[in-house]
Amino acid sequence: RDTDRQLFEEIILQTVGRKIRAKIYRAEEWVKNMNRLMGQRDASNGLVFYLQWKPKVAQNEDELDTRDLVNILRTDANILKIEDFNRITDHFRSQVERAKRMLDNNAYGQTFHHIIRQILDYREWFEFILYFRKENENRRELTNRAFDRMSGGEKAMAMYIPLFSSVYSRYESAGSQAPR
């Protein structure tokens, strides 16, 4: 347990944790920027889009919900409570055990290294949900059913505004010499 603690503290809470925190912060800022850009689009029909980067819930009882996991990762390891350290250790131990089972199953044809990379990929911890709001209506999730009810122009906007806002948002963070 002491070696586990040192390993998790150094790798998960310090080295890897710092990188994950930075990437999550950058992604959150990117979503905010996209929402700002999509909100600025002047559509004659008042159609506006919003993007939510929603944390996923735990898949089993040994895992943490993404929201809890990220909150713990954002906490300085030096002031982390023992209960939180145990929770994050149990979470990643559960993930490693799942990786071992996947490797033993061998149906995936992946290496242990690849499976661990997937587990630590913060992008897998969240999901994007696209919302829309028409003039004088409440905001709703853009489901297949809602999309099918839109006019041709609204469907085009639903596809292109989030896509181009995403690209434009990425270009805004590029240097002045980058192509536009």
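Up top you'll find the structure we're talking about.
Residues numbered from 1 in each chain as written. Predicted model: local features only at pLDDT ≥ 70, side-chain atom pairs only at ≥ 80, totals over all residues. Heavy atoms only, no water.

**A look at the overall build of the chain**
Turning to step 1, where the next piece is worked out: When you go through the chain residue by residue, the secondary structure sums to six helices and three strands.
Turning to step 2, where the next piece is worked out: Seen in sequence order, the chain has helices and strands lined up from the N terminus as α-β-α-α-α-β-β-α-α.
Turning to step 3, where the next piece is worked out: Relative to a compact globule of 180 residues, whose C-alpha radius of gyration would be 16 Å, the chain shows 20 Å and is clearly more extended.
Turning to step 4, where the next piece is worked out: A principal-axis box enclosing the C-alpha atoms of the chain has dimensions of 65 × 40 × 30 Å.
Turning to step 5, where the next piece is worked out: Total accessible area on the chain is roughly 12,000 Å²; 48% of this is exposed by carbon and sulfur atoms.
Turning to step 6, where the next piece is worked out: In the chain, which carries 31 positive and 27 negative side-chain charges, the distance between the mean positions of the two groups comes to 5 Å. (Helix = DSSP H or I, 4+ residues; strand = E, 2+ residues; numbered from the N terminus. Rg over C-alpha atoms; globule rule 2.2 N^0.38 Å. Areas by Shrake-Rupley, 256 points an atom, 1.4 Å probe, with all protein chains shown as cover. Lys, Arg positive; Asp, Glu negative; His and termini not counted. Charge placed at Lys NZ, Arg CZ, Asp CG, Glu CD.)

**What to know about the pairing of strand 2 (residues 126-133)**
Turning to step 1, where the next piece is worked out: Across eight bridges, strand 1 (residues 48-55) lies against strand 2 in antiparallel orientation. Within strand 2, the residue paired with Y50 across the bridge is Y131.
Turning to step 2, where the next piece is worked out: The pairing of strand 2 with strand 3 (residues 140-141) spans two bridges and is classified as antiparallel. Pairing of Y131 across the sheet is with E141, part of strand 3.
Turning to step 3, where the next piece is worked out: The loop that links strand 2 with its antiparallel partner strand 3 comprises six residues; one of these, N136, has a positive phi angle of about 65°. (Pairing = 2+ DSSP bridges.)

**A few points about the nonpolar core**
Turning to step 1, where the next piece is worked out: I24, F49, L73, I88, W125 and L142 are the most contacted members of the largest nonpolar core, which totals 32 residues.
Turning to step 2, where the next piece is worked out: When residues of this core are traced back to their parent elements, those giving at least two are helix 1 (2-40), strand 1, helix 2 (66-73), helix 3 (82-105), strand 2 and helix 6 (152-172).
Turning to step 3, where the next piece is worked out: A total of eight residues in this core trace back to one element, the largest contributor, which is helix 1. (Core = buried A, V, L, I, M, F, W, Y, C linked by side-chain atoms within 4.5 Å. Buried < 20%, exposed > 50% of the residue type's maximum accessible area, 1.4 Å probe, protein only.)

**Digging into a positive patch on the surface**
Turning to step 1, where the next piece is worked out: There is a patch of like positive charges on the surface, built from R18, K19, K23, R26 and R170.
Turning to step 2, where the next piece is worked out: Take the positive patch: its biggest share by element is four residues, from helix 1.
Turning to step 3, where the next piece is worked out: Mapped onto the secondary structure, R170 falls in helix 6. (Patch = residues over 30% accessible without salt bridge, like charges linked within 9 Å, V, L, I, M, F, W, Y side chains within 5 Å. Salt bridge = Lys/Arg side-chain N within 4 Å of Asp/Glu carboxyl O.)

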